[in-house]
Amino acid sequence: MTQAEREQENGKEKEKEREKEKEKEQRGVKRPIVPPVIPEPLQEQIQSNFVVVIHPGSKTLRIGRATDTLPATIPHVIARRQKQSGLPRYEDPWLMREGLNRPESNEQRQNGLKMVDQAIWSKKMSNGVRRTPVSAEQARSYNRQIRPAVLDTSPRVKWTNTTQHPEFLVGEEALYVNPADCYSVHWPICRGQLNIHSGPAGSLTAVLADLEAIWSHAIQKFLEIPLKDLKYYRCILLIPDIYNRQHVKELVNMLLVNMGFSAIVVHQESVCATFGSGLSSACVVDVGDQKTSLCCVEDGVSHRNSRLCLAYGGSDVTRCFFWLLQRAGFPYRDCQLSNRMDCILLQQLKETFCHLDQDISGLQEHEFRTRFPDSPALLYQLRLGDEKLQAPMALFYPATFGIVGQKMTALQHRSQGDPEDPHDEHYLLGTQSKQDQSSKATAERKALAKPSGFDGESCSQGTDPSERGHAQDMELGQAQGDCLLGGADMEEPPSALLSRKTAVTQFEGKALGLDKAILHSIDCCASDETKRKMYSSILVVGGGLMFHRAQEFLQHRILNKMPPSFRRVVENVEVITRPKDLDPRLIAWKGGAVLACLDTTQEMWIYQREWQRFGGRMLRERAAFVW
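Residues numbered from 1 in each chain as written. Predicted model: local features only at pLDDT ≥ 70, side-chain atom pairs only at ≥ 80, totals over all residues. Heavy atoms only, no water.

- An unreviewed UniProt entry lists the chain under the name Actin-related protein 8, with Anguilla anguilla given as the organism.
- For the chain, the Sequence similarities (unreviewed entry) comment in UniProt is given as "Belongs to the actin family. ARP8 subfamily."
- In its Subunit (unreviewed entry) section, the UniProt entry covering the chain states "Component of the chromatin remodeling INO80 complex; specifically part of a complex module associated with the DBINO domain of INO80. Exists as monomers and dimers, but the dimer is most probably the biologically relevant form required for stable interactions with histones that exploits the twofold symmetry of the nucleosome core." (UniProt positions renumbered as here; feature names shortened; annotations may be inferred.)

**Digging into the environment of K510**
Next, step 1: For K510, the location among the structural elements is in the loop between helix 13 (494-509) and helix 14 (514-523).
Next, step 2: Given the relative accessible area of 56%, K510 is considered exposed.
Next, step 3: Distance in space between the C-alpha atoms of K510 and M408 is 5.9 Å, their sequence separation being 102 residues.
Next, step 4: If we skip the residues at most four places from it in the chain, K510 touches M408 and T409. (Helix = DSSP H or I, 4+ residues; strand = E, 2+ residues; numbered from the N terminus. Buried < 20%, exposed > 50% of the residue type's maximum accessible area, 1.4 Å probe, protein only. Contact = heavy atoms within 4.5 Å.)

**Here we look at the packing of helix 14 against helix 15 (residues 528-535)**
Next, step 1: In the contact formed by helix 14 and helix 15, the axes pass within 9 Å of each other and the chain directions differ by 150 degrees. For the pair formed by helix 14 and helix 15, the contact residues are L519, I522 and D523 on the first element and K531, M534 and Y535 on the second.
Next, step 2: Of the residues that constitute the contact of helix 14 with helix 15, the class distribution is four nonpolar, no polar and two charged. (Axes fitted to C-alpha atoms, helices over the stretch in contact; angles between N-to-C directions. Nonpolar A, V, L, I, M, F, W, Y, C, P; charged D, E, K, R; others polar.)

**Details of the packing of aromatic side chains**
Next, step 1: Counted under the stated rule, the structure contains 12 aromatic pairs.
Next, step 2: An angle of 45 degrees between the planes, with centres 5.5 Å apart, marks the rings of Y312 and F401 as tilted. Of this pair, Y312 sits in the loop between strand 15 (308-310) and helix 8 (314-327) while F401 sits in the loop between helix 10 (387-393) and strand 18 (409-411), and the two are 89 residues apart along the sequence.
Next, step 3: The buried category is assigned to Y312, whose relative accessible area is 0%.
Next, step 4: When the ring of F330 is compared with that of Y332, the centres are 6.2 Å apart and the planes differ by 70 degrees; the resulting orientation is edge-to-face.
Next, step 5: What links up through ring pairs into an aromatic cluster is the set F330, Y332, F368, F372 and Y380.
Next, step 6: Sitting over the ring of W605, R234 keeps its end group 4.9 Å from the ring centre. (Phe/Tyr/Trp six-rings, centres within 6.5 Å; stacked < 30°, edge-to-face > 60°. Lys NZ or Arg CZ within 6 Å of the ring centre and 35° of its normal.)

**So, the pairing of strand 3 (residues 72-75)**
Next, step 1: Sheet topology places strand 2 (residues 60-65) next to strand 3; four bridges connect them, and they run antiparallel. By the bridge assignment for strand 3, I63 is matched with A72.
Next, step 2: Linking two consecutive strands that pair antiparallel, namely strand 2 and strand 3, is a turn of six residues. (Pairing = 2+ DSSP bridges.)

**Description of the side chain of E610**
Next, step 1: Considering the arrangement of structural elements, one finds E610 in helix 19 (residues 608-614).
Next, step 2: Here the side chain of E610 touches Y607 through a polar contact of 3.0 Å, landing on its backbone nitrogen.
Next, step 3: Among residues more than four places away in sequence, those in contact with E610 are W605, G615, M618 and R622. (Polar contact = N/O pair within 3.5 Å; in protein donor to acceptor, adjacent residues only side chain to side chain.)

**Overview of the environment of I403**
Next, step 1: Here I403 shows up in the loop between helix 10 and strand 18.
Next, step 2: For I403 and E98, which are 305 residues apart along the polypeptide, the C-alpha to C-alpha distance reads 7.6 Å.
Next, step 3: Residues contacting I403, with those up to four places away along its chain left out, are R97, E98, G99, L100, Q108, D316, R319 and M408.

**Structural notes on helix 8**
Every α-helix carries 3.6 residues per turn, so stepping three or four residues along brings you back to the same face.
Next, step 1: Across its 14 residues, helix 8 extends 20 Å between first and last C-alpha, which sits within 8% of the 20 Å expected from 1.5 Å per residue.
Next, step 2: Regarding helix 8, the residues found buried are G314, S315, D316, V317, T318, R319, C320, F321, F322, W323, L324 and L325. (Expected span 1.5 Å × (residues − 1).)

**A look at the state of the cysteines**
Here a disulfide denotes a covalent bond joining the sulfur atom of one cysteine to the sulfur atom of another.
Next, step 1: One pass over the structure, following the stated rule, counts zero disulfides.
Next, step 2: You can see C320 has no disulfide; the closest cysteine sulfur is in C354, sitting 8.7 Å from it.
Next, step 3: Accessibility expressed as a relative area gives 4% for C320, which makes it buried. (Disulfide = S-S within 2.5 Å.)

**Section: the nonpolar core**
Next, step 1: I518 and L545 are the most contacted members of the largest nonpolar core, which has 86 residues in total.
Next, step 2: Ignoring sequence-local partners within four residues, the contact set of I518 consists of C283, V285, L294, I538, L554 and I558. (Core = buried A, V, L, I, M, F, W, Y, C linked by side-chain atoms within 4.5 Å.)

**Concerning the sheet that holds strand 1 (residues 51-56)**
Next, step 1: Spatially, six strands are ordered 3-2-1-10-11-21 in an open sheet, and the strand pairing comes out mixed. One side of each edge strand has no neighbouring strand; the edge strands of this open sheet are strand 3 and strand 21 (606-607).
Next, step 2: Those strands touched by helix 6 (residues 245-258) are strand 1, strand 10 (234-239), strand 11 (263-268) and strand 21, and its axis lies near 150 degrees from that of strand 11.
Next, step 3: Contacts from helix 7 (residues 269-277) reach strand 1, strand 10 and strand 11, with the element oriented near 90 degrees to strand 11.

**Here's the deal with unusual backbone geometry**
Next, step 1: Backbone geometry at E224 places phi at a positive 55 degrees, although glycine is not the residue there.
Next, step 2: As for its position among the elements, E224 is in the loop between helix 5 (204-221) and strand 10.
Next, step 3: Even without being glycine, D299 reaches a positive phi, approximately 50 degrees.
Next, step 4: Tracing the backbone through its elements, the reader meets D299 in the loop between strand 13 (292-298) and strand 14 (301-302).
Next, step 5: Looking at D299, the relative accessible area reads 55%, which means it is exposed.

**A closer look at the sheet that holds strand 16 (residues 364-370)**
Next, step 1: Across the sheet, which stays open at both edges, the three strands sit in the order 5-17-16 with antiparallel pairing between neighbours. For this open sheet the edge positions go to strand 5 (149-152) and strand 16, each flanked by a neighbour on one side alone. The average angle at which neighbouring strand axes cross in this sheet is 35 degrees, direction not considered.
Next, step 2: Here strand 5 pairs with strand 17 (residues 377-384) via three bridges, running antiparallel. When the bridges of strand 17 are listed, D152 appears paired with A377.

If you want it as structure tokens, here you go:
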């Protein structure tokens, strides 16, 4: 059939349809009135190069445009010039922390090391041979004789130039500020939370001012965006899985009101890590410098009950390695944890020497250089045995860190209530309870009106268990029901809830090993199907576990400790440490950049005007997680 014939046929069909329509009108048949087409409001197309993604960490800030391949990575530190001369300068501790100088700290450290050694010696090497025994004394007798060789008399590393007396210095410049200069050094984030303390500049206002100064400096210097142009930009802020609501509100206020971004999305690190690695579901293990957080994420949702935060990370491994180096007669004898330059050196030594490869055995020779301002460059020889394996293994035996009297495990707590938000979860819980009581009363009246046993129902079945649970939760009150634990705790009687709370209080004082924490987090998932998914996708991100053979080591420990019932069901336990060959330290930031491009993100933006009008309520309305 030719084109002309086809067109002729189509024309005939249209004429027939018109004739039918006329016939219907003549017969008086009413046609449905077609509503006028209302155009949908056009959603503003977000340009990713006008979105800034901020991932603040305890030691490192990662910041960049959503279109950038890699973010700018800078030490998350600020040095502020002292306003009054003569006052002692203050410096936030870096590798030091509270709970290390107790009488029982050393005993705990020694016990932890015994457990580490036992674990090392219980496993043969891959060729079936036992490890070569090495005592710290062997290494010590050699290392004590070592004297450094001078490489270069003129120091290449210089202190930051402060002749212009800048008000503050940020990042690398702050790290290399001379202790003789009148500058106080502050790390505004500690163990994933705002570093609020009783010392100088430890108030919430001072910490927020430090963060604003660091972030503004990074935006101007590394992203080359003038601060006055931020009104054309949007921001994606990554927050910890277990977050402090008040702190998050203050950060959002700072970004929208003080710095002047036009809109913001707040999302959790664990969910962004799954976006960045291209996984739909995973048990995310984020080993940072000062904290380790775990959470099970399924289809972009973080399971609240599975969230766990351990108060140790990479810097604790560095400090433990220093202790082991000292036992082995570390030849750089002036090394001090209170010295910033020494802390930088120790971090580098840990990253260079430490590993989780059980096939590396016996005494080995190494060398390292020290390059400090105002000092010649020196070369040291060093012999080490198992110290390089023992330090990272402390993540699995945290007693080795020797931290006593500190809260080492945090869980997600129930909201304490927000005076700004009249419809917070306490209000919803209260109104839910009232509705339950009224529906219960109605059901009881109906049941009394019916003859007993009518339709096989009894009077006690007026409410379902979840409704009864809500009422119990209200009776328990905030003090007793403030921890969110398993999904089933709503259906338990008050006595069970109380005993669960007591168990959690004891649990929070303990430092769980990394493998046990992963098993606990997965065990908190609601269904066996979800647990199976999590075992087959354990995603390790952050810079705290970037040791040689860490993937195989962790996989072996999970397989050995997982419940036998799952061993039969789970086809393969997979630990992913470098998804798509990406740097694990950048995965969460990458996920934030992916988030900027998703269509679903359109509903999550909190605009500056809305924030100024409604405040914290906007987080409950727009956050992609239960606020």
